[in-house]
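Here are the chains, one letter per residue:
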Amino acid sequence: MNRIVKPTAYGTPDVLAVIEGPEPRAAADGVVVAVRAAGVNPIDWKLYSGAFHAVDDDHKDAAGLAASMPTLGLECAGVVTEVGADVTGVRVGDEVIVYPVTGAYADYVTAPATSVVPKPAGLGWAEAGALMLTGTTAVHALRAAGVGAGDTVLVHGGSGGVGLMAVQLAGVTVVATAAERNHGLLRELGAIPVAYGPGLAERVRAAAPQGVDAAVDCAGTDEALDVSLELVADQARIASITGSPRRAEAGIKLLGYGPGQDAGTAVREAARGELVERAGAGALRVVVDMTFPLAEAAKAHEVGMAGHGAGKLVLIP
Ligand SMILES: NC(=O)c1ccc[n+]([C@@H]2O[C@H](COP(=O)([O-])OP(=O)(O)OC[C@H]3O[C@@H](n4cnc5c(N)ncnc54)[C@H](OP(=O)(O)O)[C@@H]3O)[C@@H](O)[C@H]2O)c1
């Protein structure tokens, strides 16, 4: 059997249910993977919050679920259990990371073979399952902000899933905003931490008297936007992964899948190899904050929505 965690309606995490179904079969160009760890991301609870889609709970599918309900789980790692007839280079039993993927909140998931990369032996399951979405987003954001040798970059939300990746992947001087409790971790990863909140611009100036060349906004607050605009001389070097009307009006680079945003598909796809290599070599740390059994996905989402320690939340089927 295959347990799948799905929202049964739009709303808060209590709408999540565990549905049982048959194990999926591989398409000719695809694989089936037994999920060992699925990364949890804020997009997962946003998808059924009603924020992106019109609420359509009245139209039910055959299982009695609202027909427009999204599947959850956009990254995972696991073991290949079936390989489609046309697939070469992937075998049953391979330990893999799967990204991009949909529906990874499950015991088994299907994916095109092109989404599969080998899991480095030295990388734990939770870390492997939580590497790709934040890692590829961080690479895209740093690229969009034009971060390169000699720069000082300001990372807003440096202790979050994406922020921790950006801090490590920047390869330049990083000033990172975070709650005080996460400053020690950011220092360990080579960044200069500063607290967000009133007076942020002054604290960043003190931390980086040489000035700030670029900003990566993973926080989405008005403060992050205002301070970026105040400190970064070239507006084209501010990239945000969280859209907002003020950001759109300011004309800064908006990255993601919404209207007018740059999805960076090619950059993100190409980043996967480098991320796996670096994480496998111990040169990129995937910080896992907490793990939860698959059936406790709702609890994981409650913890995520409330704000939590630094790093990722992960589901373990
Ligand atoms: N566009 C894309 O492609 C894309 C991809 C991935 C994520 N996202 C979005 O980007 C955002 C961050 O994602 P994530 O996975 O990194 O989330 P996360 O792991 O939940 O991290 C959230 C971060 O926000 C920080 N934060 C909380 N309140 C803040 C404030 N008032 N000012 C500044 N920072 C504050 C937290 O810092 P402390 O814990 O230290 O307080 C933490 O670092 C989410 O909105 C997510 O949906 C977009």
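For the structure, check the block above.
It should be emphasised that the depicted structure is a prediction, and the values quoted were computed from it without experimental measurement.

Within the protein one finds ten helices and 15 strands. What you see for the protein is a C-alpha radius of gyration of 20 Å, in line with the 20 Å of a compact globule of 317 residues. In terms of principal-axis extent, the alpha carbons of the protein reach across some 60 × 45 × 35 Å. Every one of the 317 residues in the protein was classed for burial, and the buried ones make up 52%. Of the roughly 13,400 Å² of accessible surface on the protein, a fraction of 54% belongs to carbon and sulfur atoms. Within the protein, one finds 23 positive and 35 negative side-chain charges whose respective centroids are separated by 4 Å.

What follows covers the site of the ligand. Surveying the vicinity of the ligand reveals 23 residues, the closest of which are Lys46, Ser159, Gly160, Tyr196 and Leu255. At 2.8 Å from an oxygen atom of the ligand is found a main-chain nitrogen or oxygen belonging to Gly161. For the ligand, an oxygen atom lies 2.8 Å from a polar atom in the backbone of Ala179. Bound to the protein, the ligand loses 78% of the 930 Å² it would expose on its own. Taken together, the elements giving at least two residues each to the shell around the ligand come down to helix H1 (42-47), helix H3 (132-144) and helix H4 (161-169). Of the residues in the shell around the ligand, the class split is ten nonpolar, ten polar and three charged.

It is the contact of helix H6 (residues 200-207) with helix H7 (residues 222-231), at a shortest axis distance of 10 Å, that shows an interaxial angle of 45 degrees. By the angle between their directions, the pair H6 and H7 is classed as oblique. Judged by the sense of rotation from one axis to the other, the crossing of H6 with H7 is right-handed. Within the contact between the two elements, H6 uses Leu200, Ala201, Val204 and Arg205 and H7 uses Glu223, Val227, Glu230 and Leu231.

This brings us to empty space enclosed by the protein. One way to see where empty space is left: roll a probe the size of a water molecule over the atoms. For the structure shown, the criterion picks out one cavity of 30 Å³ or more. Computed from the structure, the largest cavity encloses a volume of approximately 40 Å³. Grouping the amino acids of the lining of the largest cavity by side-chain chemistry returns four nonpolar, three polar and two charged. Here the lining of the largest cavity spans two domains, and each of domain 1 (2-131 + 286-316) and domain 2 (135-254) adds at least three residues to it.

Reading the values: the criteria
Residues numbered from 1 in each chain as written. Predicted model: local features only at pLDDT ≥ 70, side-chain atom pairs only at ≥ 80, totals over all residues. Heavy atoms only, no water. Helix = DSSP H or I, 4+ residues; strand = E, 2+ residues; numbered from the N terminus. Rg over C-alpha atoms; globule rule 2.2 N^0.38 Å. Buried < 20%, exposed > 50% of the residue type's maximum accessible area, 1.4 Å probe, protein only. Areas by Shrake-Rupley, 256 points an atom, 1.4 Å probe, with all protein chains shown as cover. Lys, Arg positive; Asp, Glu negative; His and termini not counted. Charge placed at Lys NZ, Arg CZ, Asp CG, Glu CD. Near = heavy atom within 4 Å. Polar contact = N/O pair within 3.5 Å; in protein donor to acceptor, adjacent residues only side chain to side chain. Nonpolar A, V, L, I, M, F, W, Y, C, P; charged D, E, K, R; others polar. Axes fitted to C-alpha atoms, helices over the stretch in contact; angles between N-to-C directions. Parallel < 35°, antiparallel > 145°, perpendicular 65-115°, else oblique. Left-handed = near helix turned anticlockwise from the far one by under 90°. Contact = heavy atoms within 4.5 Å. 1 Å grid on protein atoms, 1.4 Å probe; cavity = no way out; pocket = protein on both sides within 12 Å on 5 of 7 lines; lining within 4 Å. Points joined across faces, edges and corners; volume = space filled by probe spheres on them. Domains from an automatic or database assignment.

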